[in-house]
Amino acid sequence: MAATSAVALPGPRRVVRVDLDAPLPELVADGTGASALVVGYRDGHPVCTADVALTSDPADAARVLVPLATASSAHVVSAEPVPDDALPSVSVVVSTVVDRVDDLGRLLDVLEHLDYPRHEVLVVDNRVRVPADDPLPALLIGRGVRLVTERRPGLSAGRNAGVAAARGDVVAFTDDDVQVDPRWLRALGERFVREPELDAVSGVILPTELATPAQVWYEAYYGGFSGERTFDPVTIVPDDVPGTMRHARVAAVRGDGSVRKRFAVYGIGAYGAGANMAFRRELLEAVGGFDTTLGAGSPARGGEDLAMFVETLWRGGRIGFEPRAVVHHRHRRTVEELHRQLHGNGVGFTALMCALVAKDRRHAAVLARLVPLAVSVKAKDVVATLRRGRATAPAGRGSAPVTAPAQGPLPRSLAYHELRGFPAGPAAWFRSRRRWRDVEAGRFHAG
C-alpha cells in the first residue's frame, strides 16, 4: 500500500527544551524547522509540552510560551528530596543486539554518571551470533559496566538474564536507542521511597529528534510514544467494579486521591513502555521474569513490557507513573522502518493477548467482553487521529491547551500497517512459543 503518495511530506520539527523559570527564549523559524515541540521544564523536570509554529517574528512563539509558562506554574508539585541513604539500590539493565553502536555508547556515557548513589549498569549481549569484527569489547573498555551474555534469542531472554545477574533491590530497564536524563534514575528511586507499596514505576518518553517525515508522523500518530503524554503523576491501582472480574479494570489515581481516569488493564500501555520502566526485583522473581514468547527478537515482535505491567496489576500490585523520570527516544527515521514498527506493534499486541490467556484463562472471559468495544474505540480513534494529525498536544494538568501548527492529515498507511498486524498476532505467538520450546531443548539454530 503506497501510503504516502497522497499525503504531503512534513518538514522537520525542532525539539526545544525551555526552562520556564528563566527568561523565555526567542524562537524563530530557521533551517531546522518551521515548527517545534517545546518541552517546558521547571526545577530540572518537564512539566508540559506544546506544539509551536515558528515564524520570523519571535513574538508569534511568545504568544504560546508566555501563557504556557503561567499555566504550568500553578500545578507544579514540589517534593522534598529523598536522602541518598534512603534510596533503594538500583540495577540498570540494557539488553542489546549491538546494532546501534553509537546510540549505545551515548547511552552508556550518561548511565555511568547518573545522579544516584548506589547503582550498577548491566549490558546484556543478546546476540545469537557474534561477528568477527565485534564492536562491543572496544565500546566497553574503560567503562564501569558489567557485561552479561545471553545467547538465547529475544529481548525477554536478555532482560531476564540481566535480572538474574542484578544486585539491586530495584531493576530499571531502558533501550539502546534511548538517551536518559541525568536525573532519570533518582526520579524512579525517589518514587519507590515516597510510595513504598509500589511494585513498579514508569516514566515519560520524549523524542530526541523530529528530523524526518517518519519521526514527525510517529510522534503525531502515537503522541506520547505509546499513549497519551501527561505530566500528571498518578498511581495505577486495580479497580474492583461491580459486575466485572476482579482486576479487569484499573484506575489512575492522583496524589490527592482523585481519579484521573479508569480503563481496562490491557490499556496500561498509555502509562508505560519498556524504554522507561523499573520493578522491584522481588516482583520480577515472583512473576518468573519476562515472557520469553513475547518481545523484540521473537516472532511475536513485542508485548513483553505490557505483559509485565498487566501481570503486576493482575496480582493486585500498584504502578507509579512518574513524569520526572524522563528518557528520550530516537524514533525510526525512514518510512519503511516506521511501517515495520507499526506492523510489529499490531502483531505484538494481539500476541500479548494470547500469552495472557495461556497463562490465566480468566483473561479470555474479560477479553470476550471488552474486544468488541475496544475495536470500535480503536477504529474511531485511528480515524480521528489520521484526520487531524494530532492537532492538540495532550500535556496533563501542567499545560495550557495549545493549537498545533497545521501539518495536514496523516497517511492512512500508518493505521494500515498497525491494523494488519492485529490478525497476525495469534499465529506469531504460536510460532514464538514453538521456537522457545526449541530453544530450551537445544534445537534452535539461528538462520
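In this text, all values refer to a predicted model and were calculated from it rather than measured experimentally.

Here is what the cut-offs are and how they apply
Residues numbered from 1 in each chain as written. Predicted model: local features only at pLDDT ≥ 70, side-chain atom pairs only at ≥ 80, totals over all residues. Heavy atoms only, no water. Phe/Tyr/Trp six-rings, centres within 6.5 Å; stacked < 30°, edge-to-face > 60°. Helix = DSSP H or I, 4+ residues; strand = E, 2+ residues; numbered from the N terminus. Buried < 20%, exposed > 50% of the residue type's maximum accessible area, 1.4 Å probe, protein only. Core = buried A, V, L, I, M, F, W, Y, C linked by side-chain atoms within 4.5 Å. Contact = heavy atoms within 4.5 Å. Salt bridge = Lys/Arg side-chain N within 4 Å of Asp/Glu carboxyl O.

Caption draft 1: Highlighting the packing of aromatic side chains. One pass over the full model with this rule turns up 10 aromatic pairs. When the ring of Phe173 is compared with that of Phe290, the centres are 5.2 Å apart and the planes differ by 85 degrees; the resulting orientation is edge-to-face. Residue Phe173 is found in strand S7 (residues 170-173), and its partner Phe290 is found in the loop between helix H7 (281-287) and helix H8 (304-314); the two are separated by 117 residues along the sequence. A residue is classified by how much of its surface remains accessible, and Phe173, at 0% relative accessible area, is buried. Centroid distance Phe279 to Phe309: 5.5 Å. Interplanar angle 35 degrees. Geometry classified as tilted.

Caption draft 2: Expanded view of the nonpolar core. By size, the foremost hydrophobic cluster in this structure holds 55 residues, and its most contacted members are Phe173, Ile236, Tyr266, Ile268 and Phe279. Once you skip the residues sitting within four places of it in the chain, Ile268 turns out to touch Ile236, Phe263, Leu306, Phe309, Val310, Leu313 and Ile319.

Caption draft 3: Representation of the pattern of salt bridges within the structure. Scanning the model with the defined rule gives 33 salt bridges in all. Between Asp30 and Arg14 there is a salt bridge; the shortest N-O distance is 3.5 Å. On the criterion of sequence distance, the pair formed by Asp30 in the loop between strand S1 (14-19) and strand S2 (35-42) and Arg14 in strand S1 is long-range, its members being 16 residues apart. A relative accessible area of 40% places Asp30 in the partly exposed class. The shortest N-O distance in the salt bridge between Arg330 and Asp103 comes to 2.4 Å. With Arg330 in the loop between strand S14 (319-329) and helix H9 (335-359) and Asp103 in helix H2 (residues 101-111), the pair connects residues that are 227 residues apart, well separated along the chain. You'll find Arg330 and Asp103 in the same group, each marked buried. Each of the salt bridges in this network shares a partner with another, and the network as a whole consists of Asp84, Asp115, Arg186, Glu190 and Arg194.

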